[in-house]
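# Breakdown of the fold
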Amino acid sequence: MRWKIRLDGRRRSPTPYMTGWCNGSAGMAFLWTLAHQVYKEPRLLELAEKAATNTWETAEQAPTLCCGTAGSAYAFLALHRALGDRVWLTRSDEMLERAIRHATSGVDCSLYKGNLGVALLTEEIEHPDWSAMPVFESERWGHQR
């Protein structure tokens, strides 16, 4: 399941569909997971899983949090926490591997558009119960490991 991108009310994006966090299916997976947490409607979690499935099947190669595989991995971690299904944890690991393969060399201190987000994911994926998409998801610092 995917949604068309719209730049504004008059024109459409040259790329009608994306899988990233900011304009694509990974972001929708976060949206529907959060909606399920608030409203407790099972259908919302089904929408989250369908959006994540689209992300998994058509993942882009950029390594970043915003538009790439690192952001998709965080979406999969959120779905893993919501469903308890290890398949999403496994897919998150695979997305991290893709992100590492496509990360650029050198020092890059951008959280959402650079390697810093990939580095953070590398640590947080080891603790999926307290991982959180930076600046977006609530931190679970008090969560017991």
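Look up a bit, the structure's there.
Now for a look at the structure at hand. Here the residue numbers are simple positions, counted from 1 along each chain's written sequence. Under the rules for a predicted model, residues below a pLDDT of 70 receive no local features and side-chain atom pairs below 80 are neither given nor counted, while totals for whole chains, interfaces and linings still include all residues. Derived side-chain values reflect all non-hydrogen atoms in the structure, with water molecules and hydrogen atoms excluded from consideration.

## Considerations on the side chain of Asn54
Where helices and strands are cited, they refer to DSSP runs of H or I of at least four residues and of E of at least two residues respectively, numbered from the N terminus. Positionally, Asn54 belongs in helix H2 (residues 42-57). Summary of the burial criterion: residues with accessible area below 20% of their type's maximum are buried, those above 50% are exposed, and those between are partly exposed, where the area comes from a 1.4 Å probe applied to protein chains only. Of the residues examined, Asn54 reaches a relative accessible area of 11% and is grouped as buried. Note on contacts: a residue pair is in contact if any heavy atoms of the two residues lie within 4.5 Å. With residues near it in sequence (within four places) discarded, Asn54 still touches Met1, Arg2, Thr19 and Ser25.

## Some words on the side chain of Ser25
Among the structural elements, Ser25 can be located in helix H1 (residues 25-39). Apart from the residues within four sequence positions on either side, Ser25 is in contact with Met1, Arg2, Met18, Thr19, Gly20, Ala51, Asn54 and Thr55.

## Focus: the nonpolar core
Here the nonpolar core consists of buried residues drawn from Ala, Val, Leu, Ile, Met, Phe, Trp, Tyr and Cys, with membership extended through side-chain atoms lying within 4.5 Å. Residues Tyr74 and Leu121 are the most contacted members of the largest nonpolar core, which totals 34 residues. Residue assignment for this core shows that the elements contributing at least two residues are H1, H2, helix H3 (69-83), helix H4 (86-102) and helix H5 (115-124). If you tally residues by element for this core, the top one is H3, at eight residues. Every residue in contact with Leu121, bar those within four places of it in the chain, is listed here: Ala70, Ala73, Tyr74, Leu77 and Leu96.

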